[in-house]
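These are the residues of each chain, in order.
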Amino acid sequence: MFRSRSRRLGSAALAAFLALGAATACDPPAPTPTFVVTTTADGVDAAPGDGTCEMTPGAGDCSLRAAVDEGNALGTAAITLPAGTYGGLGFQGTGNLSINRDAPVDARLGSKWITVAAGGHLHVDGLSSYDVPGVRFTVEGTFVGRHLSLVGLESSSQVIVRPSGIAVVENSLLAHVFGATPSVRNEGVLILQHTALLAWSAVGVPTTAFVNTGSAHVAASVLQSCGGSTAPLSLGYNSDSDGTCALAAPGDQPAAPPLFAINLTQPVTYDLDATSPLVDAIPPGVNGCGTTVTDDLSGSPRPTDGNGDGTPGCDIGARERPAP
């Protein structure tokens, strides 16, 4: 049974969290160093802080980890990660970093353990992983993830928010297969919008997808199942499969079968059934439908008239069913 708790975050605080990463200073900020990754190989930067991203001096071989090294040393960086598949080790972000912010591409990661350190900021857009155990983000600072398709195949959660962490996840699919580990574990502050959290202990056998002991605010999302000591605060138009998430806000669908099929390809997606109650469930203008949220996990437009009744609406979760 979830323990009761007060609504500690008002609308003003929630708006501030949703604007993570926005500039607030009156004076024009200094230009942010930009680095373009030029290789799918992995390796550290040759001289962190010199303003040049390269593993080998003079070679210009800028790896993802080398770009992060430079950004950490300089305090900030905007990193462009071209489409491709990137293996190797993970990294720790201590600076104010972004990867493909507002410009998602098909960048695929192997098994990487990525930590956002306390005081660090990381904004990522469009990354995917379908691997053993997959990508794990551990958030001790602040994290914004959009258009993420992260599926792990062993005992490792895809996102872990520590007590000091703040995370916003939007238009994303986070799933875990073949293990009892939840796909998301929150001990800090977490905001989910238009996101799907799924987990199976074996094919077709669901397990707990979301474990919450912190402060979680969810909107327009699919939570397959919930556990932990604290119920998430629903901002409306959410769905779970077994009624364990204590959903009771307007538009919520507790214990409603979502009716979709998972596509276990890379990047992993899912397709909503024509009869799914998630289709067109969110009116335009509600929970960002068509205003602040104008596309889905795959970049398809929101809202769309997915059920063919002549009235477009946004679908609950990460995917938007196309018009029939």
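Values in this document were obtained by computation on a predicted structure and should not be read as measured data.

Read across the open sheet, the seven strands follow the order 4-7-10-13-16-20-23; overall the sheet is parallel. Taken across any chain shown, the strands that pair with only one partner, and hence form the sheet edges, are strand 4 (91–93) and strand 23 (226–227).

All right, on to the sheet that holds strand 5 (residues 96–99) then. Reading across from one edge, 1-2-5-8-11-14-17-21-24 is the order of the nine strands in this open sheet, with parallel pairing throughout. Looking along the sheet, the strands with just one partner apiece sit at the ends: strand 1 (34–36) and strand 24 (233–234). One ladder, built from five bridges, connects strand 17 (residues 189–193) with strand 21 (residues 215–219); its direction is parallel. By the bridge assignment for strand 21, Leu192 is matched with Val218. Along the sheet face, helix 2 (residues 64–74) touches strand 1, strand 2 (76–80) and strand 5 and points at about 160° away from the line of strand 2.

Formed by 47 residues in total, the largest nonpolar core has its most connected members in Leu64, Leu81, Ile99, Leu122, Phe137 and Phe143. Ranked by residue count, the leading element in this core is helix 2, at four residues. When sequence neighbours within four positions are dropped, the list of residues in contact with Leu81 reads Val37, Leu64, Tyr86, Ile99, Asn100, Val105, Ala107, Leu109 and Leu127. With 23 residues, the next largest nonpolar core counts Val151, Tyr270, Leu297 and Ala318 among its residues.

So, on to the pattern of salt bridges. Counted under the stated rule, the structure contains six salt bridges. Arg302 is paired through a salt bridge with Glu320; the nearest N and O atoms lie 2.9 Å apart. Here Arg302, found in the segment after strand 27 (269–272), pairs with Glu320, found in the segment after strand 27; they are 18 residues apart in sequence, far enough to count as distant. The buried category is assigned to Arg302, whose relative accessible area is 4%.

Looking at where Leu153 falls in the secondary structure, it is placed in the loop between strand 12 (149–152) and strand 13 (159–161). On the accessibility criterion, Leu153 (19% relative accessible area) is buried. For the pair formed by Leu153 and Phe178, sequence separation is 25 residues and the distance between their alpha carbons is 5.7 Å. Those residues in contact with Leu153 that lie beyond four places of it in its chain are Tyr130, Asp131, Val132, Pro133, Val177 and Phe178.

This part is about unusual backbone geometry. In the segment running from Gln266 into Pro267, the intervening peptide bond is cis, with an omega of -5°. With respect to the helices and strands, the residue Pro267 is situated in the loop between strand 26 (260–263) and strand 27. One non-glycine residue with positive phi stands out, namely His147, at about 55°. You can see His147 is positioned in the loop between strand 11 (142–146) and strand 12. Look at His147 and you get buried, because its relative accessible area is 12%. Here the phi dihedral of Ala255 falls at roughly 60°; this positive angle occurs in a residue that is not glycine. Within the secondary structure layout, Ala255 lies in the loop between strand 25 (239–240) and strand 26. According to the relative accessible area criterion, Ala255 is partly exposed, its value standing at 43%.

Low pLDDT means the predicted coordinates in that region are not meant to be read closely. Taken over all residues, the pLDDT of the protein chain has a mean of 90, while the share at 70 or more is 90%. Every residue in residues 1–13 is under pLDDT 50, and counting partners more than four places away or in other chains gives 25 contacts.

Let's shift gears to the pairing of strand 14 (residues 166–170). Of all five residues making up strand 14, five are buried, and the element is well covered by its neighbours. Pairing between strand 11 and strand 14: five bridges, direction parallel. Paired with Val144 across the bridge in strand 14 is Val168. The sheet contact formed by strand 14 and strand 17 spans five bridges and is parallel.

What counts, and where the lines are drawn
Residues numbered from 1 in each chain as written. Predicted model: local features only at pLDDT ≥ 70, side-chain atom pairs only at ≥ 80, totals over all residues. Heavy atoms only, no water. Pairing = 2+ DSSP bridges. Helix = DSSP H or I, 4+ residues; strand = E, 2+ residues; numbered from the N terminus. Contact = heavy atoms within 4.5 Å. Axes fitted to C-alpha atoms, helices over the stretch in contact; angles between N-to-C directions. Core = buried A, V, L, I, M, F, W, Y, C linked by side-chain atoms within 4.5 Å. Buried < 20%, exposed > 50% of the residue type's maximum accessible area, 1.4 Å probe, protein only. Salt bridge = Lys/Arg side-chain N within 4 Å of Asp/Glu carboxyl O. pLDDT = per-residue confidence, 0-100.

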